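# What the coordinates show
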Amino acid sequence: MLPLVALVGRPNVGKSTIFNVLTRTRDALVADMPGVTRDRHYGICRLIEDRPFALVDTGGLGGDPEGLQGLTEQQAGAAIQEADVLVFVVDARDGAVAQDQNVLQHLRRSGKPVLLAVNKIDGVHEEVALAEFAAFGLGEPLSLSAAHKHGIDDLLDAVEEHLPREHAEEVVGDPNRIRIAVVGRPNVGKSTLVNRLLGEDRVIASDVPGTTRDSIAIDMERDGVRYRLVDTAGIRRRSRVDEMVEKISVIKSLQAMAMSQVAICMIDGQEGITDQDATVLGHVLESGRALVIAINKWDGLDEYQRGRILEDVSRKLAFVSYATVVTISAKHGSGLRELFRAIRKAHESAMRDFSTSEMTRAIEIAYENFQPPVVRGHSAKLRYAHPAGKNPPTIVIHGSRVKTLPDSYKRYLENFLRTRFKLVGTPLRLEFRDGKNPYEGKTNVLTDSQRRKRRRLMRHVKGK
């Protein structure tokens, strides 16, 4: 395991900006307002040669211990307990405030080595700012401007001195790990499901809509299969998104969906199918990812309500009829075995390899069983097919006059292939390509004999 370095401090001192700079990513959500980060966000810093280390971004400490802030502090406290080195980030522009003193006391009780990083040093008198924080008794403060990448090398040198030597080996990631994005509208139980699957309060789960703001990736293993879960922020219709932070959260959710292999779209069974659910499913359909629909809070429904929502799913969500529907209770853990079975089947279908011969044979059988309609005296001919990608499976079908194929026949081909190859939970993309006419653009040049024969025929016609 890699050594772990935790970025801690009160809200809005620049911890997420430092995290992005050290990991060379934009994984952490950054905004000029306090309380944006709530969950623990992990990444890898490889800026020190042969000494990579894990980095965790935390929410602000030293605030109200109740409500969401209290849950945020619990997440930060968990990061402090598992970290090997703590980087205490303070704001040079605000100076040493009482809230920093509260955080400092908390860090001293941990017994971990603490480095003091004075961020946002640009625009202030550096010596005065550092002298003010020197009273904390944490050694020489490190001047830092994360937004301008000033002082990053000094910070890395200080971190390297405190990294434990016995944990210097990096764990190589498993390329076969199944990437899953848990998506849905706000407050449908995505974070509750992630915590239930992990068996711990890894992310903050609350009844307040919009609790999750960032996309949090967590690795797990179940029944010998490795997964990477990504808990995403709730996605609402664009017309209802006002705050810039929420806009960025939605963008990161869509990015996490695009990077995944399987998307779990959660639906609140107590509220039924809403327009927002259809909006989220539309995003999944556009991304082309394999899909599993999880109806949550199933344990709180009676028989009549269960029948109604299953009927609504078949009627309102017909445009994603290929998806497997699973009923679960994220709070009590029921239905999780069926959920993972559906995830594995959807992943296998999305990542399946096809050969040109078997795909061509399937198209020939489909064409023989049901031929396309005649258009202007001719019908389209399907000659051969070959695979062109996976996740989602993409099939290229070559033929003549394929532009005349109606949508109903294209749906017939899709359903035939889906049934023949037992594809479950994944969209199937078909691309049709017309064969080129070898004589297109060429003119037939007549010989002298042909021209004389043509003149005789014309004289004969005109004579009649």
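These lines cover the structure that appears in this document, whether it is placed above or below. (Residues numbered from 1 in each chain as written. Predicted model: local features only at pLDDT ≥ 70, side-chain atom pairs only at ≥ 80, totals over all residues. Heavy atoms only, no water.)

Here we come to the overall build of the protein chain. Along its length, the protein chain carries 13 helices and 15 strands. Relative to its full complement of 464 residues, the protein chain shows a buried share of 48%. Element-wise, carbon and sulfur atoms account for 48% of the exposed surface of the protein chain, whose accessible area totals about 24,100 Å². (Helix = DSSP H or I, 4+ residues; strand = E, 2+ residues; numbered from the N terminus. Buried < 20%, exposed > 50% of the residue type's maximum accessible area, 1.4 Å probe, protein only. Areas by Shrake-Rupley, 256 points an atom, 1.4 Å probe, with all protein chains shown as cover.)

Two descriptors summarise a pair of aromatic rings, namely the distance from one centre to the other and the angle between the planes of the rings. Going through the model one piece at a time under the given rule, you end up with eight aromatic pairs. Between Phe88 and Phe136, the ring centres sit 6.1 Å apart and the planes meet at 15°, which makes this aromatic pair stacked. Of this pair, Phe88 sits in strand 4 (residues 85-91) while Phe136 sits in the loop between helix 4 (126-133) and strand 6 (142-143), and the two are 48 residues apart along the sequence. On the basis of relative accessible area, Phe88 is assigned to the buried category, the value being 0%. When the ring of Phe354 is compared with that of Phe421, the centres are 5.1 Å apart and the planes differ by 75°; the resulting orientation is edge-to-face. Pair noted here: Phe354 is in the loop between helix 10 (336-350) and helix 11 (356-369) and Phe421 is in the loop between helix 12 (407-420) and strand 15 (429-434), with a separation of 67 residues, a long-range link. (Phe/Tyr/Trp six-rings, centres within 6.5 Å; stacked < 30°, edge-to-face > 60°.)

Let us now look at a positive patch on the surface. Together, Arg452, Lys453, Arg455, Arg456 and Arg459 make up a positively charged patch on the protein surface. Note on placement: Arg455 falls in helix 13 (residues 448-463). Arg455 gets classed as partly exposed once you look at its relative accessible area, which sits at 47%. (Patch = residues over 30% accessible without salt bridge, like charges linked within 9 Å, V, L, I, M, F, W, Y side chains within 5 Å. Salt bridge = Lys/Arg side-chain N within 4 Å of Asp/Glu carboxyl O. Lys, Arg positive; Asp, Glu negative; His and termini not counted. Charge placed at Lys NZ, Arg CZ, Asp CG, Glu CD.)

Here we come to the packing of helix 1 (residues 15-23) against helix 5 (residues 152-162). When two helices pack together, their arrangement is captured by the angle between the axes and the distance separating the axes. Look at helix 1 against helix 5: their axes get within 12 Å of each other, and the N-to-C directions meet at 80°. Looking at the two axes, helix 1 sits roughly perpendicular to helix 5. Residues Ile18, Val21 and Leu22 of helix 1 lie in contact with helix 5, whose contacting residues are Ile152, Leu155 and Leu156. When grouped by side-chain class, the residues that make up the contact of helix 1 with helix 5 number six nonpolar, no polar and no charged. (Axes fitted to C-alpha atoms, helices over the stretch in contact; angles between N-to-C directions. Parallel < 35°, antiparallel > 145°, perpendicular 65-115°, else oblique. Contact = heavy atoms within 4.5 Å. Nonpolar A, V, L, I, M, F, W, Y, C, P; charged D, E, K, R; others polar.)

On to the packing of helix 6 (residues 190-198) against helix 10. Following both chains from N to C, one finds helix 6 and helix 10 inclined at 95°, their axes separated by 12 Å at the closest point. Considered as vectors, helix 6 and helix 10 are oriented roughly perpendicular to each other. Across the interface between the two elements, Leu193, Arg196 and Leu197 of helix 6 pack against Leu336, Leu339 and Phe340 of helix 10. Grouping the constituent residues of the contact of helix 6 with helix 10 by class yields five nonpolar, no polar and one charged.

The subject of this paragraph is the nonpolar core. Core analysis: the largest hydrophobic core is formed by 30 residues, its most contacted members being Leu193, Ile264, Met266, Val292, Leu339 and Ile343. Within the residue set of this core, elements represented by two or more residues are strand 7 (178-183), helix 6, strand 8 (216-222), strand 9 (225-231), strand 10 (262-268), strand 11 (290-296) and helix 10. Per-element tally for this core: the top contributor is helix 10, with seven residues. Residues contacting Val292, with those up to four places away along its chain left out, are Val262, Ala263, Ile264, Cys265, Thr324, Val326, Leu339, Ala342, Ile343 and Ala346. Among the nonpolar cores identified, the runner-up in size contains 27 residues, and Ala79, Ala83, Ala92 and Leu116 belong to it. (Core = buried A, V, L, I, M, F, W, Y, C linked by side-chain atoms within 4.5 Å.)

Strands sit in the order 8-9-7-10-11-12 across an open sheet of six strands; the sheet is mixed. The open sheet is flanked by strand 8 and strand 12 (324-327), the only strands paired with a single partner. For this sheet, the mean inter-axis angle between neighbouring strands, taken without regard to orientation, is 25°. Sheet analysis places strand 10 next to strand 11, joined by seven bridges and oriented parallel. (Pairing = 2+ DSSP bridges.)

To continue, consider the environment of Thr23. Among the structural elements, Thr23 can be located in helix 1. Residue classification places Thr23 among the buried positions, given a relative accessible area of 11%. Sequence-distant contacts of Thr23, that is, excluding residues within four places in its chain, are made with Gly43, Ile44 and Leu55. Within the structure, the side chain of Thr23 is placed 2.7 Å from the backbone oxygen of Phe19, a separation counted as a polar contact. (Polar contact = N/O pair within 3.5 Å; in protein donor to acceptor, adjacent residues only side chain to side chain.)

This part covers the pattern of salt bridges. Scanning the entire structure with this criterion turns up 16 salt bridges. A salt bridge links Asp268 to Lys297; its shortest N-O distance comes to 2.9 Å. Highlighted residues: Asp268 in strand 10 and Lys297 in the loop between strand 11 and helix 9 (303-316), separated in sequence by 29 residues. A relative accessible area of 2% places Asp268 in the buried class. The partly exposed category is assigned to Lys297, whose relative accessible area is 24%. Salt bridges linked by common partners bring Arg10, Asp94 and Asp100 together as one network.

Three- or four-residue spacings in an α-helix give side chains the same orientation, since the helix completes a turn every 3.6 residues. End to end, helix 3 (residues 98-110) covers 19 Å across 13 residues, agreeing with the expected 18 Å (1.5 Å per residue, within 8%). Turning to helix 3, its buried residues are Asp100, Val103, Leu104, Leu107 and Ser110. The buried side chains of helix 3 occupy one side of the element, clustering within an arc of 105° when seen end-on. Those residues of helix 3 that are exposed and angled more than 90 degrees off the buried face are Ala98 and Arg109. (Expected span 1.5 Å × (residues − 1). Arc of directions from axis to C-beta.)

Glancing now at the sheet that holds strand 1 (residues 4-8). What holds strands together in a sheet is hydrogen bonding between their backbones, with the strands either parallel or antiparallel. Spatially, 2-3-1-4-5-6 is the arrangement adopted by the six strands of the open sheet, whose pairing is mixed. Two strands bound the open sheet, and with one partner strand each, they are strand 2 (41-45) and strand 6. Pairing between strand 2 and strand 3 (residues 53-57): five bridges, direction antiparallel. The partner of Ile44 across the bridge, within strand 3, is Ala54. Of the strands in this sheet, strand 1, strand 4 and strand 5 (114-119) are in contact with helix 3, which crosses strand 4 at around 175°.

As a further point, take a negative patch on the surface. Together, Glu140, Asp153, Asp154, Asp157 and Glu161 give the surface a local cluster of negative charge. Considering the arrangement of structural elements, one finds Glu140 in the loop between helix 4 and strand 6.

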